[in-house]
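Topology and contacts: notes
The primary structure of each chain is shown beneath.
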Amino acid sequence: MKIAVMSCIHGNYTALEAVLLDINQQKAEKIYCLGDLVGYGPYPNEVVELIRSLDIPTAQGCWDEDIVEGLSACDCSYPSLLAEKRGKTAHEWTNQEVNPEVREYLAQLPHTYKEDNLCFVHGSPSSNHEYLLPEMDAFTALERVLSSDADVLFCGHTHVPYVRTLDSGQLQVKVNQPNQDEQPAISFNTPVKRIINVGSVGEPRHGRPNATYVVYDTETEAVSLREVEYDYQKTCAAILDAGLPPIFAWRLARGLEFAEKADDPTHVCER
Amino acid sequence: MIIAVASPPGAGKTEWICQQIAQTNKPVGYFSPKTDSVPIDTIYLQSKYPQLKIYQTGEEAALLTESDQTITYIEIPWYLDLSGIEPLLTRLNSHRVAIIFPDANNTEFKTWADEVVSGNQVTKLTTSLQIHRGVLTGEILDFDSLATFWLEMTQGAYGEVVRAKGIFDLEDGQIYYGDFMPNRPELEFKPLNLPRWLDGRPVRKSGFEIVGNKLDQTEIAQTIKDCCVPESAISYYQQQVKESLATEPEVELV
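Structure report, in brief. Keep in mind that what you see is a predicted model, and the values were worked out from it rather than measured.

**What to know about the overall build of chain B**
For chain B, the count of helices and strands is eight helices and eleven strands. A compact globule built from 254 residues would reach a C-alpha radius of gyration of about 18 Å, and chain B, at 19 Å, matches this within 12%. Along the longest, intermediate and shortest principal axes, the C-alpha atoms of chain B span 55 × 45 × 35 Å. Sorting the 254 residues of chain B into buried and exposed places 52% on the buried side. Summed over its atoms, the accessible surface of chain B is roughly 12600 Å², and 51% of this surface lies on carbon and sulfur atoms.

Structure, rendered in structure tokens:
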């Protein structure tokens, strides 16, 4: 069965419409969404209503969580003071804009969505604020997939799509204990696991304005990273009309994302 | 000897002066009129040549009296009217060097100069160039924010930029120099060899100068403001840097 997985729509309704059209053309039978429906973009309510009307299984993103619970990320989630300022501006705008039904919908989204041997999260199984970057060390990456109890972990959050295959291997765990010379080692084999980052529909960070998502075949395990052109100028105009900072439109048009990732991408805020 | 240097923006006045200073053993002086509020080139040259004698506005008379022992370069900003500074240059009997791109039709500079030097090609020069100068008085900027702003600015987020340069005090106490021209990606954004400032707000000059078309000055000013470290965090950052520097091993170059 072909499935489509998308993430990080960020209130970009025009991009979402284009991706849904492309999914239809790819003949995907089911669609999953990895959250961040809102934030930065000009159409948070419209995006949520469309996702909801199509009954798309959706995991909660960090922006969705922040709109429900208030900004929970600490300062270190922002890579710079400027990014923090812009992030807070976008949060305040979105927070005023979303209607009660949308807020209620975002509140009930699960952190993790599982189906058979597939797991769907926004950031990582540990936190929807954590970035699973392609260069993350293999042990940590493998731990994240193992913790999800799945063979394929779909994630978003970084806004750059990638597929990472973690080959089968042998892990040896040894626990050091005080006053004990002999530390027993436990060895076990890990099967092949995969991390598939689906990129971003509405806020790309790959240097082009095009939306990205993934088509996955559950039988052949084939992955297709889709890049979809859409009328991004329409979204840019809507950003300006909504009174959002013009720099958001400028960055969207260049595929630069509105903000950047944190210095410590695996940082999990404990606030 | 006094050498007056003029050129269109970005043709390479400071770069040429820098090369001349490097090639001489004589004492060298430097004067850049009408740049006292944001003396970017002055600070840049001072960081490279600490012995450089800097003349301020009002010290023009000293230029003449010391010209026997010193080679002094007068860097004339492109926006300064050459006829306006002519009386001073005549009084100082200065040698005039124009730096222009070989094929450029800069008849004004060619007529004015005693010597024409080949400079950088400057793109898209129009007669309606704007200049936006920002004076920073004690502001300390966050490096990552500044890097984001600099990237956005040089890629046209705040208008078309044909030339930009600036000096910025950062939270680690260093002063950074930024230099941009559209055709020169190798230009620098780097720390200057000047003492770190780690005791509150710096009492030294910093700022920027952006030349271009349709510059959104309000947005530039607001973004720079958003890059500034808040008062409450300055001493925290500076204390961290002090502690970090105190634990660094001393390295002696042999």
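**Concerning the overall build of chain A**
Counting secondary structure elements, chain A contains eight helices and eleven strands. Taken against the 2.2 N^0.38 rule, which gives 18 Å for 271 residues, the C-alpha radius of gyration of chain A at 19 Å falls within 12% of a compact globule. The principal-axis extent of the C-alpha atoms belonging to chain A is close to 70 × 45 × 35 Å. Per-residue burial over chain A gives 57% buried out of 271 residues. Of the contacts made within chain A by residues no fewer than 6 positions apart, 74% connect residues no fewer than 24 positions apart. Accessible area for chain A stands at about 11900 Å²; split by element, carbon and sulfur atoms hold 46% of it. Computing the positive centroid from 22 side-chain charges and the negative centroid from 41, chain A places the two 4 Å apart.

**Describing helix 7 (residues 217–226) of chain B**
All names here are of chain B. What helix 7 keeps buried is the set Ile220, Thr223, Ile224 and Asp226. Each buried residue of helix 7 lies within a common arc of 160° when the element is viewed along its axis, so the set occupies one face. Exposed residues on helix 7 whose side chains face more than 90 degrees from its buried face are Thr218 and Lys225.

**Here we look at helix 6 (residues 143–154) of chain B**
Residue and element names in this part refer to chain B. Over its twelve residues, helix 6 runs 16 Å from end to end, which matches the ideal 16 Å to within 8%, given 1.5 Å per residue. Among all positions in helix 6, only Ser145, Leu146, Thr148, Phe149, Trp150, Glu152, Met153 and Thr154 are buried. At the C-terminal side of helix 6, glycine 156 shows a positive phi close to 95°.

**Considerations on a negative patch on the surface**
Residue and element names in this part refer to chain A. Where like charges cluster on the molecular surface, the negative patch consists of Glu46, Glu49, Glu97, Glu101 and Glu104. When contributions to the negative patch are tallied by element, the ones reaching two or more residues are helix 2 (44–53) and helix 5 (100–107). Considering the arrangement of structural elements, one finds glutamate 97 in helix 4 (residues 81–97). On the basis of relative accessibility, which here comes to 38%, the residue glutamate 97 falls in the partly exposed class.

**Here we look at the pairing of strand 6 (residues 115–118) of chain B**
Residue and element names in this part refer to chain B. Pairing of strand 5 (residues 95–100) with strand 6 involves four bridges; the strand directions are parallel. When the sheet's bridge partners are listed, isoleucine 99 is paired in strand 6 with valine 117. Taking the sense of rotation as the criterion, the β-α-β connection linking strand 5, helix 5 (residues 107–112) and strand 6 turns out right-handed.

**Comments concerning the sheet that holds strand 1 (residues 2–6) of chain B**
All names here are of chain B. Spatial strand order, 3-2-4-1-5-6: six strands in an open sheet with parallel pairing. Edge positions in the sheet fall to strand 3 (53–55) and strand 6, since each has one partner strand and no second. Across this sheet, the average inter-strand angle for adjacent strands is 25°, counted without regard to direction. Two strands pair when backbone bridges link them, and strand 1 and strand 4 (residues 71–75) are joined in this way by four bridges, in the parallel orientation. Residue pairing for strand 4: isoleucine 3 is matched across the bridge by tyrosine 73. Of the strands in this sheet, strand 2 (28–31), strand 3 and strand 4 touch helix 2 (residues 40–48), which is tilted by about 160° from strand 2.

**Here's the deal with the state of the cysteines**
Residue and element names in this part refer to chain A. Per the counting criterion, the structure on display carries zero disulfides over all chains. In this model cysteine 62 remains outside any disulfide bridge; the closest cysteine sulfur is found in cysteine 8, 7.3 Å from its own. In this structure cysteine 62 comes out as buried when scored by relative accessible area, which is 5%.

**Comments concerning a nonpolar patch on the surface**
Together, Leu146, Val173, Val175, Ile186 and Phe188 of chain A give the surface a local cluster of nonpolar side chains, amounting to about 400 Å² of exposed area. Among the structural elements, phenylalanine 188 of chain A can be located in strand 8 (residues 185–190).

**Concerning the packing of aromatic side chains**
Residues and elements named next belong to chain B. Under the definition given, this model contains 19 aromatic pairs over all chains. Between tryptophan 78 and tyrosine 79 the ring centres are 5.7 Å apart and the planes differ by 80°, which places this aromatic pair in the edge-to-face class. Taking relative accessible area as the criterion, tryptophan 78 reaches 24% and is therefore assigned partly exposed. Aromatic side chains tryptophan 150 and phenylalanine 168 sit 6.1 Å apart centroid to centroid with 80° between the ring planes, which places their arrangement in the edge-to-face category. A residue pair is termed long-range when its members are at least 10 positions apart, and tryptophan 150 in helix 6 and phenylalanine 168 in strand 8 (residues 160–169) qualify at 18 residues. Each of the two residues, tryptophan 150 as well as phenylalanine 168, counts as buried. Among the aromatic residues, ring-to-ring pairing joins Phe143, Trp150, Phe168, Tyr176, Phe189 and Phe208 into one connected group. A cation over an aromatic ring shows up here: lysine 53 above the ring of tyrosine 55, its NZ or CZ 5.2 Å from the ring centre.

**Let's talk about the interface of chain A and chain B**
Residue-level contacts link twelve residues of chain A with 16 residues of chain B. Roughly 1100 Å² of surface becomes buried between chain A and chain B when both sides are summed, with 60% attributable to carbon and sulfur atoms. The three residues of chain A that bury the most area against chain B are Leu81, Leu82 and Trp250 of chain A, which together make up 50% of that side's buried surface. In this assembly, chain A and chain B are joined by three salt bridges. Glutamate 152 of chain B serves as the salt-bridge partner of arginine 86 of chain A, at 2.7 Å between the closest nitrogen and oxygen. For the pair chain A and chain B, the interface holds six residue pairs in polar contact (both at pLDDT 80 or more). Contributions of two or more residues to the side of chain A that touches chain B are made by helix 4 and helix 8 (246–253) of chain A. Top contributing element to the side of chain A that touches chain B by residue count: helix 4 of chain A, with four residues. Looking at side-chain class alone, the side of chain A that touches chain B contains six nonpolar, one polar and five charged residues.

**Observations regarding the pattern of salt bridges**
Residue and element names in this part refer to chain A. Here the structure, examined in full by the defined rule, presents 18 salt bridges over all chains. Across the salt bridge formed by lysine 30 and glutamate 115, the nearest N and O atoms sit 3.3 Å from each other. Of this pair, lysine 30 sits in strand 2 (residues 30–33) while glutamate 115 sits in strand 3 (residues 112–115), and the two are 85 residues apart along the sequence. A relative accessible area of 26% places lysine 30 in the partly exposed class. The partly exposed category is assigned to glutamate 115, whose relative accessible area is 22%. With a shortest N-O distance of 2.8 Å, glutamate 84 and lysine 88 are connected by a salt bridge. Of the two residues, glutamate 84 and lysine 88 both sit in helix 4, four residues apart, roughly one turn of that helix.

Procedures and definitions
Residues numbered from 1 in each chain as written. Chains lettered and ligands numbered in written order. Predicted model: local features only at pLDDT ≥ 70, side-chain atom pairs only at ≥ 80, totals over all residues. Heavy atoms only, no water. Helix = DSSP H or I, 4+ residues; strand = E, 2+ residues; numbered from the N terminus. Rg over C-alpha atoms; globule rule 2.2 N^0.38 Å. Buried < 20%, exposed > 50% of the residue type's maximum accessible area, 1.4 Å probe, protein only. Areas by Shrake-Rupley, 256 points an atom, 1.4 Å probe, with all protein chains shown as cover. Contact = heavy atoms within 4.5 Å. Lys, Arg positive; Asp, Glu negative; His and termini not counted. Charge placed at Lys NZ, Arg CZ, Asp CG, Glu CD. Arc of directions from axis to C-beta. Expected span 1.5 Å × (residues − 1). Patch = residues over 30% accessible without salt bridge, like charges linked within 9 Å, V, L, I, M, F, W, Y side chains within 5 Å. Salt bridge = Lys/Arg side-chain N within 4 Å of Asp/Glu carboxyl O. Pairing = 2+ DSSP bridges. Right-handed = clockwise from strand over helix to strand, strands pointing away. Axes fitted to C-alpha atoms, helices over the stretch in contact; angles between N-to-C directions. Disulfide = S-S within 2.5 Å. Phe/Tyr/Trp six-rings, centres within 6.5 Å; stacked < 30°, edge-to-face > 60°. Lys NZ or Arg CZ within 6 Å of the ring centre and 35° of its normal. Buried area = accessible area lost by both parts, 1.4 Å probe. Polar contact = N/O pair within 3.5 Å; in protein donor to acceptor, adjacent residues only side chain to side chain. Nonpolar A, V, L, I, M, F, W, Y, C, P; charged D, E, K, R; others polar.

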